[in-house]
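# Structural characterization, general
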Amino acid sequence: MTAPEGKPKESGSGERVFLRLGPPPEEPSQFVVEGAPESYPTEVRARLEVEAKEIIAKYPNKRSALLPLLHLVQGEDSYITPAGMEFCADQLDLTGAEVSAVASFYTMYRRGPTGEYLVGVCTNTLCAVMGGDAIFEDLKGHLGVGNDETTDDGSVTLQHIECNAACDYAPVVMVNWEFYDNQTIESARELVDSLRAGKPAKPTRGAPLCKFRETSRILAGLRDERPDEGQGGAGAATLAGLRVAKENDMQAPPGPEGQA
């Protein structure tokens, strides 16, 4: 049994108990940002519908396209807005609650305006002890922002992030999900300065860097126009164990009954 917010109900003992429904007052609203678009202009919606149709066609069940469509609308607004969620719901015959539930689960979907470059400093265990915590604290002062805040010029949003599976290159900084390995306070400063100057440093590995909205559109499954210069693949640190195993003819022990 529940009661409307702020309304009392009688307990079994007759004592009046107040129930507060919804999120606690200290919890920020998920996707309610001042100035966020509630709906898209006709021409924007028409353009997005063409791209959404291309994306949805890749899936046998269209509701499976929700994750890439959320990236698509994030590429439009730089974060998930009421307009974006409404668009996704309309394209996939979902309710707003279903879209919001998915968008609020994954941290790659942003809840506020994002700069041209999302700079994430890994502060999980290994990166932290290797210098990630110090890098993050220094960049906050260097950029004059707090966690998940954007510089005044709109170029950089800084946040601390969880493990990005690059522990062998700790400490790692990611910019729009591209890797910058073995960072120091000095190199991280140079990196963000290059972003703000419009001359971004080249990632350690992976594809060439592009801006956040472009990255979101690529993650949506639209064509990636960046050149393939052989940047992908595992690096030397990742393959070190395999190299040693081959040099010493090391083999995994046999499994039960001789099975590998």
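Below or above, wherever it landed, is the structure these notes cover. Keep in mind the model is a prediction, meaning the values are calculated, not measured.

Turning next to the packing of helix 3 (residues 82-92) against helix 4 (residues 96-103). Interhelical geometry of helix 3 versus helix 4 gives an angle of 120° and a closest axis separation of 9 Å. In this structure, the crossing between helix 3 and helix 4 has a hand that is right-handed. Each of Met85, Cys88 and Ala89 in helix 3 lies in contact with helix 4, whose residues at this interface are Gly96, Val99 and Ser100.

In this section: the environment of Asp93. Mapped onto the elements of the fold, Asp93 is located in the loop between helix 3 and helix 4. Overall, Asp93 belongs to the exposed group, its relative accessible area being 59%. Along the backbone, Asp93 and Arg63 are 30 residues apart, and their C-alpha atoms lie at a distance of 7.7 Å. Here the side chain of Asp93 touches Lys62 through a polar contact of 2.7 Å, side chain to side chain.

All chains considered together, the criterion is met by one cavity of 30 Å³ or more. In this structure, the largest cavity encloses a volume near 40 Å³. In terms of lining residues, the largest cavity is bounded by Cys122, Cys127, Cys163, Asn164, Ala165, Ala166, Cys167 and Val172. By residue class, the composition of the lining of the largest cavity is seven nonpolar, one polar and no charged.

By size, the foremost hydrophobic cluster in this structure holds 26 residues, and its most contacted members are Leu69, Leu70, Leu72, Ile80 and Val99. Elements that contribute at least two residues to this core include exactly helix 1 (42-56), helix 2 (66-77), helix 3 and helix 4. The dominant element in this core, judged by the number of residues it contributes, is helix 3, at six residues. In contact with Val99, not counting residues within four places along its chain, are Leu66, Leu70, Met85, Cys88, Ala89 and Leu94. Formed by 18 residues, the second largest nonpolar core is a distinct cluster that contains Phe136, Leu139, Leu158 and Leu195.

For the α-helix, the turn length of 3.6 residues means that residues three or four positions removed from each other point alike. Here helix 4 has its buried residues at Val99, Ser100 and Ala103. When helix 4 is viewed along its axis, its buried side chains cluster within an angular range of 95° and face the same direction. Residues of helix 4 that are buried sit in contact with helix 2 and helix 3.

Here we take up the layout of surface pockets. The calculated volume of the largest pocket comes to roughly 420 Å³. Together, 16 residues line the largest pocket, and Thr107, Arg110, Asp148, Gln159 and His160 are the ones closest to its centre. Class assignment for the residues of the lining of the largest pocket results in five nonpolar, seven polar and four charged.

Along any regular strand the residues' side chains alternate between the sheet's two faces. Across the six residues that make up strand 3 (residues 117-122), a large majority, six, are buried. Burial along strand 3 is two-sided: Tyr117, Val119 and Val121 facing one way and Leu118, Gly120 and Cys122 facing the other are all buried. Pairing between strand 3 and strand 5 (residues 156-161): six bridges, direction parallel. Each bridged residue has a counterpart across the sheet, and for Cys122 the counterpart in strand 5 is Ile161. In terms of strand pairing, strand 3 meets strand 6 (residues 173-175) through three bridges, oriented antiparallel. Residue Val119 lies in a different strand from strand 6, and its bridge partner there is Val175.

This part takes up unusual backbone geometry. Here Ala170 and Pro171 are connected by a cis peptide whose omega angle stands at -5°. With respect to the helices and strands, the residue Pro171 is situated in the loop between strand 5 and strand 6. In this model, Ser78 sits at a positive phi of 80°, which is unusual for a non-glycine residue. With respect to the element layout, Ser78 can be found in the loop between helix 2 and helix 3.

Reading guide: rules and limits
Residues numbered from 1 in each chain as written. Predicted model: local features only at pLDDT ≥ 70, side-chain atom pairs only at ≥ 80, totals over all residues. Heavy atoms only, no water. Axes fitted to C-alpha atoms, helices over the stretch in contact; angles between N-to-C directions. Helix = DSSP H or I, 4+ residues; strand = E, 2+ residues; numbered from the N terminus. Left-handed = near helix turned anticlockwise from the far one by under 90°. Contact = heavy atoms within 4.5 Å. Buried < 20%, exposed > 50% of the residue type's maximum accessible area, 1.4 Å probe, protein only. Polar contact = N/O pair within 3.5 Å; in protein donor to acceptor, adjacent residues only side chain to side chain. 1 Å grid on protein atoms, 1.4 Å probe; cavity = no way out; pocket = protein on both sides within 12 Å on 5 of 7 lines; lining within 4 Å. Points joined across faces, edges and corners; volume = space filled by probe spheres on them. Nonpolar A, V, L, I, M, F, W, Y, C, P; charged D, E, K, R; others polar. Core = buried A, V, L, I, M, F, W, Y, C linked by side-chain atoms within 4.5 Å. Arc of directions from axis to C-beta. Pairing = 2+ DSSP bridges.

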